[in-house]
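An overview of the molecular structure
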Amino acid sequence: MTTLFGFYVLIWPALTLGVLILICRAVLRDRREARREKRELV
Amino acid sequence: MNSESLYQFSTPTVILLLLAFYGGTYLLTLGIRKKHEDADAFMVSNHRVGFGIGAASMTATWIWAASFYAAATSGYTYGVSGPIHYGLWGALMILFIYPFGRRFRKLAPNAHTLGELIHARHGSSSQLILALSNVLGSVISLMVNFTAAGALVSVLSPLSFQAGVIIAGVGVLLYTLWSGFRASVLTDFAQLVALMAIAVVIIPAVFFAMGGPTELVAGLDNLTPEQADFFSMDAILNQGAPFFVAVLAYAIGNQTISQRLFAVNEEHIKPTFLTATVGYGAIVIGLGMIGLMALTLGVEPMNGDMNNLIPQMVSGYLPPLFIALFFILVIGSLSSTADSDLSALSAIMMADVYGKNIARGQADPKRMLLVGRLTMILATMVGIVFASFSLDILVMLVFVGALWGAIVFPVIASCFWRRVTNQAFTTSVLVAMVLFCAARFELLPLSGASGLFFELLASIGGGVIIGLMVFGFLGRTAGFVAGALALVAMLLFATGFLRDYTVLLASLTAYGASTLVCVVMSLLSRQPDFDFATIRERVGDYEATHDASPAEEDDALPAATRLAGQR
């Protein structure tokens, strides 16, 4: 029960961290592409 | 824990924090600022926003200050399943909207607002109904976010509520005013990174500071059987279901969402919305867990105000540095939504009101920009003034969502079904609004024959919601079957029962009534079927059309853009 509730609470910040890393990597890729195509990021 | 006092920042500290946040955000926008901004880019960037920025912007926009407070309130009120019933449904609605978003984009790849698409499909009356509902929603959203800023500043510092509201309003306006949507999406990324990084740290920090899983499990004894049940019917019927119904409407009727649909690179719509779904759910449910923690510890919300729950927990268990991080977390979330609302409102006034109904094809991009910026200034002033009325965030959320519920079916049907007419769209929305108000405010008795009448409409509404969701992913046949099954299930189980849950009944009534009227009027209409290909021809960019001379225009521009200019 203790492990289950620990997991239930902590899975959300773990998922948040995963999405944060994914988004940061994607933005760096967007930036590289924009530079290569000589256009603005936004 | 002493629940009667919260940690207090000194006035200089809180001003420095706000200055650092808004000053940093403003400096960030200087990097993309142009002396002569492009009117189209001011509304939707270049229609080619990448996956990373798009996903960050979608997530940051969808998360507003109410997300944290309401998720924690839900966790505190409904126990173990509470945070899920706030965050999961909100997250899934981002997911469910993208199949329709792809259709909108396919029909009108160069649109700036959903209203432009509806204008091309039906004309001004339907478009203005949609625009009005968007304006209403965005102004309320601005008000809620500024209110949250005022409340946060006033509980954590000696500064007044009004000071917090004004600083937030002016701060957001300053960095959004010049570059509009471009500034909004760029700053959304920076704000989301801060917001996520802080959430990743704060949730475990509070959890372990309160004693970790052992303390949480020990505190489960403080919960009622309903609160301890993960499948609590109380939580489903009072929190999950009304919110589920309302948020579907939010996604369709919200210009901040459609603006991003038209801005993101068309190929990236799916991954953008999938990522935003997971990101939103993780942050909001995670912060909602703080409400559950407070419940298990037996913490009473200070002054009976549920919005104090998270500040109380952070203030009671963590050192001042974390309280400063929490402060930035909330300011970041409310600012990212508020700047999106300002951009949405300006786009509606620029494209839907000025472009389509005042200039009527003769839109001057410079004047459009002026309209957009004046709208932002006016909207900020209205938001600040309205923020003085401290209203219940959760109730407002459901109310506005239900109002948008009246629009969902007519909008979606208009984009897939050739027979829907302007009259059917307009009448169905108006009838649904009236019936929603009658049920929500119990203007008619919810017993006997009238109770049954509303339950029948609500059952149709339930079928429509399930049918639309399945239709979005699996197509027409599956959608019809799922909708019919949901309708039958609702008729069997909801009759004589749903009338006790007014919020849910009223929200579903809005869907059911608008669908029924829209379908019947469309079927009875003798107008010729609509040709969807004409939408693409009628909706285009404003700058391209205006820059080219009439002679050049015919040679240089594709037919779609030329026709857009003519309208």
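Residues numbered from 1 in each chain as written. Chains lettered and ligands numbered in written order. Predicted model: local features only at pLDDT ≥ 70, side-chain atom pairs only at ≥ 80, totals over all residues.

Concerning the overall build of chain B
The condition that has to hold: Under the DSSP-based scheme used, a helix requires at least four consecutive residues in state H or I and a strand at least two consecutive residues in state E, with every element numbered from the N terminus. Any pair of residues counts as being in contact when their C-beta atoms, constructed from backbone geometry, are within 7 Å of one another.
When helices and strands are counted, chain B shows 26 helices and zero strands. Of the contacts made within chain B by residues no fewer than 6 positions apart, 83% connect residues no fewer than 24 positions apart.

What to know about helix α9 (residues 181–209) of chain B
Residue and element names in this part refer to chain B. Under the convention used in this document: Working rule for helices: expected span equals 1.5 Å times residues minus one. To assign burial, the other C-beta atoms lying within 10 Å of each residue's own C-beta are counted, with C-beta atoms placed from the backbone; 20 or more indicates buried, 12 or fewer indicates exposed, and intermediate counts indicate partly exposed.
If you check α9, its first and last C-alpha atoms are 40 Å apart, about what 29 residues at 1.5 Å a residue would give, namely 42 Å. Among the 29 residues that make up α9, 21 are buried, leaving the element largely enclosed by the rest of the structure. Of the residues flanking the end of α9, it is G211, one or two places downstream, whose phi is positive at about 125°.

Structural notes on unusual backbone geometry
Residues and elements named next belong to chain B. Although it is not a glycine, H47 adopts a positive phi angle of roughly 60°. Structurally, H47 is set in the loop between α2 (39–44) and α3 (51–62). For H47, a count of 18 C-beta atoms within 10 Å gives the class partly exposed. Its identity is not glycine, yet E442 carries a phi of approximately 50°, on the positive side. Topologically, E442 is positioned in the loop between α19 (422–440) and α20 (448–474).

Here's the deal with the nonpolar core
Residues and elements named next belong to chain B. Keep this limit in mind: Buried Ala, Val, Leu, Ile, Met, Phe, Trp, Tyr and Cys residues whose C-beta atoms connect them within 7 Å together make up a nonpolar core.
Counting residues in each nonpolar core, the largest one holds 212 residues, and the members touching the most others are I94 and L287. Residue contributions to this core peak at 17 residues, all from helix α16 (residues 320–358). Contacts of I94, omitting those with residues within four sequence positions, involve M58, W62, A251, F273, A276, T277 and Y280.

Section: the environment of G540 of chain B
Its place among the elements puts G540 of chain B in the loop between α23 (533–538) and α24 (542–547). As a C-alpha pair, G540 of chain B and A108 of chain B span 432 residues in sequence and 7.9 Å in three-dimensional space.

As for the interface of chain A and chain B
The condition is simple: Amino acid classes used here: Ala, Val, Leu, Ile, Met, Phe, Trp, Tyr, Cys and Pro are nonpolar; Asp, Glu, Lys and Arg are charged; the rest, including Gly, are polar.
Facing the 24 residues of chain A at the interface are 34 residues of chain B. Of the residues belonging to the side of chain A that touches chain B, the class tally is 17 nonpolar, three polar and four charged.

Section: the environment of D339 of chain B
All names here are of chain B. Counting through the fold element by element, D339 comes out in helix α16. Look at D339 and you get buried, because 32 C-beta atoms sit within 10 Å. The sequence separation of D339 and L177 amounts to 162 residues, and the corresponding C-alpha distance is 9.1 Å. Beyond its immediate stretch of four places on either side in the chain, D339 contacts V172, T176, S184 and T187.

Notes on the UniProt feature "transmembrane region" (unreviewed entry) in chain A
Threshold: UniProt positions are given in the numbering used here, feature names are shortened, and annotations may be inferred rather than shown by experiment.
Feature annotation in UniProt places "transmembrane region" (unreviewed entry) on residues 6–28 of chain A, given in this structure's numbering. Split by type, residues 6–28 of chain A is 100% helix and 0% strand. Its first and last C-alpha atoms lie 34 Å apart.

So, helix α15 (residues 309–317) of chain B
All names here are of chain B. Along α15, seven of the nine residues are buried, which leaves the element largely enclosed by surrounding structure. Among the residues of α15, L309, I310, P311, Q312, M313, V314 and S315 are the ones counted as buried. Lining the buried residues of α15 we find α4 (65–78), α7 (124–156), α9, α14 (269–297) and α16.

Details of the confidence of the model for chain B
A low pLDDT means the predicted coordinates there should not be read in detail. Residue and element names in this part refer to chain B. For clarity, the cut-off: Note: pLDDT gives the predictor's confidence per residue, expressed from 0 to 100.
Model confidence for chain B is summarised by a mean pLDDT of 90, while 93% of its residues fall at 70 or above. Here residues 549–567 is modelled with pLDDT under 50, and outside its nearest four sequence neighbours on either side it reaches 28 contacts, counting other chains as well. Confidence estimates for the predicted assembly give a pTM of 0.91 and an ipTM of 0.97.

Here's the deal with the packing of α20 of chain B against helix α21 (residues 476–494) of chain B
Residue and element names in this part refer to chain B. Our working definition: Structural elements are reduced to axes, namely lines fitted to C-alpha atoms, with helices fitted over the stretch in contact, and the angle between N-to-C directions of any two is expressed from 0 to 180 degrees. Angle categories: roughly parallel below 35 degrees, roughly antiparallel above 145, roughly perpendicular from 65 to 115, and oblique for all the rest. Left-handed describes a crossing whose near helix is turned anticlockwise from the far helix by less than a right angle; the clockwise case is right-handed.
Running from N to C, α20 and α21 cross one another at 155°; their axes reach a closest spacing of 7 Å. On the basis of their axis angle, the class for α20 and α21 is roughly antiparallel. Classified by chirality, the crossing of α21 by α20 is right-handed. Of the residues contributing to the contact of α20 with α21, the split by class is 17 nonpolar, six polar and two charged.

With respect to the environment of Y98 of chain B
Residue and element names in this part refer to chain B. Among the secondary structure elements, Y98 is positioned in helix α5 (residues 82–107). Between the C-alpha atom of Y98 and that of L485, which follows or precedes it by 387 residues, the distance is 24 Å. Not counting residues within four places of it along the chain, the set of residues in contact with Y98 comprises I269, K270 and F273.

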